[in-house]
Amino acid sequence: SSPVESTSDLPRLVRQAWRAALAETSRPTHLDVNGVQGDVIELGQTHESTTIETEARGMPVHRPVADAHDLERAAAILTGVRRVAIVAGEGAAVSKAGPEILALAEALAAPVATTLGARGLIPTTHRLSAGVAGSYSAPPANRIVHSADLVLFIGCDTGDQVTLNWQIPPLTTPIVQIEADPLEIGRSYPHTTGLVGDPKATVARLVQLVGRPTRDHGFAEEAVQIVAE
């Protein structure tokens, strides 16, 4: 939130607000003109350009890939665990990482749950789709995520809502977390291996590293049965 005290503030503050809204980890923006709009802002002048960006770009504007060593370590961890569940959040949705997440889920035989805001990121009728996890979950998604040996959070802030007040999964669960914002890595779960990068670009590289490992499909089949029931 930024106070606007004069008309000349607007070009700079609008640019800053626009960048925050379109960042890899997007943030709410608020320009406060309370009390000064009529007599100060509307009567004032500015000669600065109102240009926000000089070229059209998609969102997010930047797509950094996680560190190569971190990617290799995460790939080894994920392929070394039998029961992996994926929880994808709004960061993954903004990154349009659905196809990459589905490819990784199929390679790992991992059920995929989402936050409420990322629902539909992978087709909801896909056999690996577990539904929305957390406070607004139908019971299957929470049962599936809770019973995983490891949870891969992708573009998901691990807040109280998606984790049902940090019960789904339990706080003792090993976590791999892919996030554009390094401050979100390990915020809630102590046993976290972090990958700092754009979800779409980072998961794409992870898919390459994981390849097509021989997987036990028991957990995936169990999840399919839970959802079907």
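These numbers come from a predicted model, not from an experiment.

### Concerning the sheet that holds strand S7 (residues 175-179)
Line of reasoning, step 1. Across the sheet, which stays open at both edges, the 6 strands sit in the order S5-S4-S3-S6-S7-S8 with parallel pairing between neighbours. Looking along the sheet, the strands with just one partner apiece sit at the ends: strand S5 (129-132) and strand S8 (192-196). The mean inter-strand angle of the sheet, taken between neighbouring strand axes irrespective of direction, is 20°.
Line of reasoning, step 2. As judged from the 5 bridges shared by strand S3 (residues 84-88) and strand S6 (residues 150-154), these two strands associate in the parallel manner. In the strand pairing of S6, isoleucine 86 is matched with leucine 152.
Line of reasoning, step 3. Packing of helix H5 (residues 98-108) onto the sheet brings it into contact with S3, strand S4 (112-114) and S6, and relative to S3 it is tilted by some 170°.
Line of reasoning, step 4. Lying on the sheet, helix H7 (residues 199-210) is in contact with S6, S7 and S8; it crosses S7 at an angle near 130°.

### A word on helix H8 (residues 218-228)
Line of reasoning, step 1. Listed in full, the buried residues belonging to H8 are Phe219, Ala220, Ala223 and Ile226. The buried side chains of H8 occupy one side of the element, clustering within an arc of 120° when seen end-on.
Line of reasoning, step 2. Buried residues in H8 make contact with S3 and helix H6 (139-146).

Reading the values: rules and limits
- Residues numbered from 1 in each chain as written.
- Predicted model: local features only at pLDDT ≥ 70, side-chain atom pairs only at ≥ 80, totals over all residues.
- Heavy atoms only, no water.
- Pairing = 2+ DSSP bridges.
- Helix = DSSP H or I, 4+ residues; strand = E, 2+ residues; numbered from the N terminus.
- Axes fitted to C-alpha atoms, helices over the stretch in contact; angles between N-to-C directions.
- Contact = heavy atoms within 4.5 Å.
- Buried < 20%, exposed > 50% of the residue type's maximum accessible area, 1.4 Å probe, protein only.
- Arc of directions from axis to C-beta.

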